[in-house]
Amino acid sequence: MRLSAQTDYAVVMLAAAARHCGVSGRLNATLLADKTGLPLPTVQKLVSRLSSAGLIESARGTGGGFRLARPPATITLADIVEAIEGPIALTACVDTASIPGRHDCCIEQSCRVKPHWNTVNASVRGALAGVTLATLSTQPEPA
């Protein structure tokens, strides 16, 4: 299992935004591209997706830019992954009511593993939900 580069970049961007402005100040895409080393078009694209997902708020015009929609301690890695990747579903048969027509497995009716995938999926989602943007935006303690 590997997250897309876009999801990785979204995490990097939001962590930088949390360090720079939290929920009180505003940041623009150019400054965020400079702080993260990401290309400006990538930052602009991800700002749009993260805004649509309700993780950041944006304003146009003088004094515009964007900021986190919630405090960093309330935004989880699961929130960010789902904003970019969609619902977390490790297999097609995971119970995801928000993804109609996803059940395209040829052995779904006879599969003995299927009943366990929801538990596994919930564990992965829970692990991602246990990591907050506040944690990701701080310097880790030396080992």
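Above this text is the structure in question.
What you are looking at is a predicted structure, and each value in this text was computed from that prediction instead of being measured.

Draft legend 1. Geometry of the environment of Pro 87. Within the secondary structure layout, Pro 87 lies in the loop between helix H4 (77–85) and helix H5 (114–129). You can call Pro 87 partly exposed: its relative accessible area is 39%. Each C-alpha atom of the pair Pro 87 and Arg 125 lies 9.5 Å from the other, and the pair is 38 residues apart in sequence.

Draft legend 2. How the structure looks around the packing of helix H1 (residues 5–20) against helix H3 (residues 40–52). Between H1 and H3, the least distance of the axes is 10 Å, while the angle of their chain directions is 85°. Classified by the angle between their axes, H1 and H3 sit roughly perpendicular to one another. Every residue of H3 that contacts H1 at Gln 6, Tyr 9, Ala 10, Met 13 and Leu 14 is listed here: Thr 42, Val 43, Lys 45, Leu 46, Val 47 and Leu 50. Residues belonging to the contact of H1 with H3 are distributed by class as follows: eight nonpolar, two polar and one charged.

Draft legend 3. Here's a closer look at the nonpolar core. Within the largest apolar cluster, 32 residues are counted, with the highest numbers of intra-cluster contacts made by Met 13, Leu 14, Val 43, Leu 50, Leu 68, Ile 80 and Leu 133. Within the residue set of this core, elements represented by two or more residues are H1, helix H2 (29–36), H3, strand E2 (65–68) and H4. Of the residues forming this core, the biggest block, eight residues, is contributed by H1. For Leu 50, the contacting residues outside a window of four places in its chain are Ala 10, Met 13, Leu 14, Leu 55, Ile 56, Ala 83 and Ile 84.

Draft legend 4. Looking closely at the packing of H1 against H2. At their nearest, the axes of H1 and H2 sit 10 Å apart, and the two run at 105° to each other. Between H1 and H2, the angle falls in the class roughly perpendicular. Residue-level inspection shows Val 12, Met 13, Ala 16, Ala 17 and His 20 of H1 in contact with H2, the latter providing Leu 31, Leu 32, Lys 35 and Thr 36. Residues that form the contact of H1 with H2 fall into these classes: six nonpolar, two polar and one charged.

Draft legend 5. Geometry of the pairing of strand E1 (residues 56–59). Direction of pairing for E1 relative to E2: antiparallel, over a ladder of four bridges. Bridging across to E2, Ala 59 finds its partner in Gly 65.

Draft legend 6. Local environment of H1. Here H1 is 16 residues long and its end C-alpha atoms lie 22 Å apart, about the 22 Å a rise of 1.5 Å per residue gives. Of all the residues in H1, the buried ones are Thr 7, Ala 10, Val 11, Met 13, Leu 14, Ala 15, Ala 16, Ala 17 and Ala 18. Against H2, H3, E1, E2, H4 and helix H6 (133–136) lie the buried residues of H1.

Quick notes on the rules
- Residues numbered from 1 in each chain as written.
- Predicted model: local features only at pLDDT ≥ 70, side-chain atom pairs only at ≥ 80, totals over all residues.
- Heavy atoms only, no water.
- Helix = DSSP H or I, 4+ residues; strand = E, 2+ residues; numbered from the N terminus.
- Buried < 20%, exposed > 50% of the residue type's maximum accessible area, 1.4 Å probe, protein only.
- Axes fitted to C-alpha atoms, helices over the stretch in contact; angles between N-to-C directions.
- Parallel < 35°, antiparallel > 145°, perpendicular 65-115°, else oblique.
- Contact = heavy atoms within 4.5 Å.
- Nonpolar A, V, L, I, M, F, W, Y, C, P; charged D, E, K, R; others polar.
- Core = buried A, V, L, I, M, F, W, Y, C linked by side-chain atoms within 4.5 Å.
- Pairing = 2+ DSSP bridges.
- Expected span 1.5 Å × (residues − 1).

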